[in-house]
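Chain and residue survey
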Amino acid sequence: MKKQGCEIEAIGINYTIYTQKREIPFNIFSRNQHKKCLSGVQELHEVKELEKGNNPNAIRHVLKGVNCRAKSGEILSIVGPSGAGKSSFLEVLAGKIEPQSGSIYVNQKPVDKARFKKISGYVTQKDTLFPLLTVEETLSFSAKLRLKLPAKELSSRVKCLIQELGLQHVAGSRIGDDRIRGISGGERRRVSIGVELIHDPGVLILDEPTSGLDSTSALQIIDMLKTMAVTRGRTIILSIHQPGFRIMKLFNSILLLANGTILHHGTIEQLSLRLILMGLQLPLHVNILEFSIESIDTIQKHSHTLLPQSTLMIKNSGKFTLQQLFQESKLIDEEPISMSIHNDFPSGFANSRLQEIVILTIRFWKIIYRTKELFGCKTLQMLVSGLVLGSVFYNLEDDLVGAQARVGLFAFILTYLLSSTTEALPIFLQERDILMKETSCGSYRVSSYAIANSLVYLPFLLILALLFSTPLYWMVGLNKQFMAFMHFLLLIWLILYTANSVVVCCSALVPNFIIGNSLVCAMMGSCALFSGYFVSSNEIPNYWIVMHYMSLFKYPFEGFLINEFSGSGKCLQYMFGMCLASGEQVLKEEGYGGEESRRKNLLIMVCFILLYRFISYVILRIRCSQGGFKKILISR
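The rules we used
Residues numbered from 1 in each chain as written. Predicted model: local features only at pLDDT ≥ 70, side-chain atom pairs only at ≥ 80, totals over all residues. Heavy atoms only, no water. Core = buried A, V, L, I, M, F, W, Y, C linked by side-chain atoms within 4.5 Å. Buried < 20%, exposed > 50% of the residue type's maximum accessible area, 1.4 Å probe, protein only. Helix = DSSP H or I, 4+ residues; strand = E, 2+ residues; numbered from the N terminus. Contact = heavy atoms within 4.5 Å. Pairing = 2+ DSSP bridges. Salt bridge = Lys/Arg side-chain N within 4 Å of Asp/Glu carboxyl O. Phe/Tyr/Trp six-rings, centres within 6.5 Å; stacked < 30°, edge-to-face > 60°. Lys NZ or Arg CZ within 6 Å of the ring centre and 35° of its normal. UniProt positions renumbered as here; feature names shortened; annotations may be inferred.

Quick look at the nonpolar core now. Among the nonpolar cores identified, the biggest contains 87 residues, and Ile413, Leu417, Tyr457, Phe468, Phe488, Ile492 and Phe560 are the most heavily contacted of them. With 17 residues, helix H19 (residues 482-509) is the largest single contributor of residues to this core. With residues near it in sequence (within four places) discarded, Phe560 still touches Phe410, Ile413, Leu414, Phe488, Leu491, Ile492 and Ile495. Ile183, Val191, Leu197 and Met278 belong to the second-largest nonpolar core, a separate cluster that totals 54 residues.

Here it is, written out as C-alpha cells:
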C-alpha cells in the first residue's frame, strides 16, 4: 500500500542579508522589515562586492548550503542555538522569503509556491489571533475563508478539529491576550495550529511551537503533532530550541544547525553515534540534543572528519547498530510517495469576492461589538459630549454674538471629532498583522478586506453621529428646519468616517502605535491650522495655500456654516426695523458659497474618504505582496 503524503526536500539553500544599513521606520516595501533580503543576479553581485570591500560585516550569511529531507508521517525537528538560522530556513521552506540560491522539491518535483501554500500550513512563533473571538469562532471563520464546503460540512470539520486539538472544554471561551483574560498559552498555541490545520494540509511547518510554554504543555503540543503525523500522514517540520527528553523521543529525525550550516541530519541514534566517534561522552541527566547544542564548537571542529551515516553503522556494533540498521531499512523499504499536489487543492480562492466581504464584515462586527473601549466607551463619550456641548452653547440667540458662538462651536466640533480618533489605531494595527498572515496563505483577497473594513464601520459611526448630533443640535437651537438637521447629521457622519479612514491609512503605513499616533496628530493639527478658521484663507501665504484646499477641516466647516446661515432667512443685526446683516451676507463677505456649495462640499468629503481608503488599500497590497511594489498591479 502506497503511503499518502508529501516529501519535502531542500537542496543547497543559501540566504544572505544586509546588516550594515538601518531600516527606515516607514519602509513599507518589504514583508520583513527587520531583514533586507538580497535576491537576483544583481544583488548577488552586490554581495560579492561587499565581501571584497573593507567592510566584510556588511552582510551576513544566514544559511549556507542547507540540505534536508522531510518525509510523510514523520516529524523533522530543526534544532540549534539562537542565531543558527532555524526560523529563516522555515520561512524559506514556507515560501515567505526568497533564498539567493537553492531548490525546494515536493514529491521530487520543483515546488509551485501558489499551490504549495494550499497544501501547507505555517505556524509562526507568535500567536496572531483575534483576542475577542472564541476558539470555535476563530476556527469557523478560518474554515469559511479557506474552504468551499456546505455549512453542515464546515461545522462538522470545525467540531472534529476542536476535538482533535483537545479544545472541547474551551470551545466557547475567548482567545484573550495580555489585556483580556482568555484561554491558556498552550491552548492558544493549539488554536494557532488549528487555524493552519483547518484545510487539512499535507505539510505543517511550525516555528518554535513550544516557546513560552511549560514542560507539560510543550509535551502535549508535540505529542499532538506526532499523533497527527502518524494518523494523518502529515509531514511536520518544526524548530525547537532546547527540547526535553520526552519531547526529543517523539522526533523522527533531527536537523542540527549552527551559524547557518548543517552539523547533523538524521536520527537521534545517529547523532549519538557521531558524538561518540568524536570522543564526546554524554553526561548523566542531560539529553543528547541539549548536550549537542552545548558542544557546538567541538562538533564544528570535527565536522570535516565526520563519516557518512552508513559508515557509522558499519563501524559500530551491538544493540545500537541494530537500531541504526532498523532505521535505515525503514527508510529504504518505504513505499514511494504518491500524493498529487495538483488535484486536491485548487490554486484560486475558495470564495467569491462578495462571499469574502460578507464573512469578513461579520467577523469585523463581532470584534467591534465586543471591544468595550471602542463600542461602549465611544458610544457613551459621544452621547455625553453632545449633551455637554449642548448645555454650554444652550439656546444661542440669532444675532451677531450668537453667530460668532455658532462659528466657534462648529470649529470645536471639527477639532474634537477629527482629533479623538486614535483609540482605534491599535485595533487596526492588530488587524494588519492578521491580514498579512491570512492573505499570505491565500485565504482571501486584500481588496475584500479593504471593502469589508470600509463597510463595517458605516452603521457604527452612524449610531455615534446620531447620539452626538441629536441633543447638541436642538439644545443649541441651530437651524430649525428638519432637512437642515439631516444635513448636519450627514456632515457629522462623514466627519467621523473621514477620521476613521485617516486612521486606517496611517495604521497601514506605520510600524507601531507610537509613530501612528504622532502621524495622526500631526495631520489633524495641520488640517486645523489651514482650515480657514484660525487663519483666513486670504491671509495664508501663497506657498501654503495648497494646504488650505487639502485640509480635512475646510469643507465640513464650510458645510456647517452654509447649513446654518444660507437659506434660513436669519437676520443677525437689526436697526430701525431693517436687517443690516443676514446670514447669507456674512457668508458672502467671508468668501463662502451659498446653496450651490452644499453638494460640492459633500462630494469633496466623500472624495477624501475614497482617497484615504484607496491609499490604505495600496499600502496593504504592497505589504502583503511578496514581490513588493512590482506585484501591486496584479489583481488579487
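Here the narrative resumes.
For the rest of this paragraph, the subject is unusual backbone geometry. With the exception of glycine, most residues fall at negative phi, and the peptide bonds are largely trans. Located in the positive-phi region is Gln108, a residue other than glycine, with phi close to 65°. As for its position among the elements, Gln108 is in the loop between strand E4 (101-106) and strand E5 (109-110).

Turning our eyes to something else, we now look at the sheet that holds E5. Read from one edge to the other, the open sheet built from four strands follows the order E2-E1-E4-E5, with strand pairing classed as antiparallel. Only two strands of the sheet have a single neighbouring strand rather than two, namely strand E2 (59-70) and E5. Strand direction decides the pairing type here: strand E1 (residues 8-18) and E2, joined by eight bridges, are antiparallel. Looking at E2, one finds that Ile13 is bridged to Val66.

Next up on the list: the pattern of salt bridges. One pass over the structure, following the stated rule, counts 12 salt bridges. Residue Asp200 pairs with Arg234 through a salt bridge whose shortest N-O separation is 2.7 Å. Of this pair, Asp200 sits in the loop between helix H6 (185-197) and strand E7 (203-207) while Arg234 sits in the loop between helix H7 (215-232) and strand E8 (235-240), and the two are 34 residues apart along the sequence. A salt bridge links Arg445 to Glu356; the shortest N-O distance between them is 2.9 Å. Of the two residues, Arg445 is situated in the loop between helix H17 (425-440) and helix H18 (446-476) and Glu356 in helix H14 (residues 353-370); the sequence distance between them amounts to 89 residues. Of the two residues examined, Arg445 and Glu356, each falls in the buried class.

For the structure shown, the criterion picks out 15 aromatic pairs. Taking the centre distance of 5.6 Å and the plane angle of 65° together, the rings of Phe428 and Tyr457 count as edge-to-face. Here Tyr457 lies in helix H18 and Phe428 lies in helix H17, a separation of 29 residues in the sequence. For the pair formed by Phe428 and Tyr457, the shared burial category is buried. Taking 5.2 Å as the distance between ring centres and 70° as the angle between the ring planes, the aromatic pair formed by Tyr473 and Phe485 counts as edge-to-face. With Tyr473 in helix H18 and Phe485 in helix H19, this pair connects stretches of sequence that are 12 residues apart. Linked through ring pairs, Phe410, Tyr473, Trp474, Phe482, Phe485, Phe488 and Phe560 together constitute an aromatic cluster. The ring of Phe141 has Lys144 sitting right over it, with the charged end atom 5.5 Å from the ring centre.

Our next topic: the UniProt feature "transmembrane region" (unreviewed entry) in the chain. Per the UniProt record, the feature "transmembrane region" (unreviewed entry) sits at residues 375-396, 408-429, 450-476, 482-506, 513-535 and 602-620. Secondary structure content for residues 408-429 is 77% helix and 0% strand, while the C-alpha to C-alpha distance between its ends is 34 Å.

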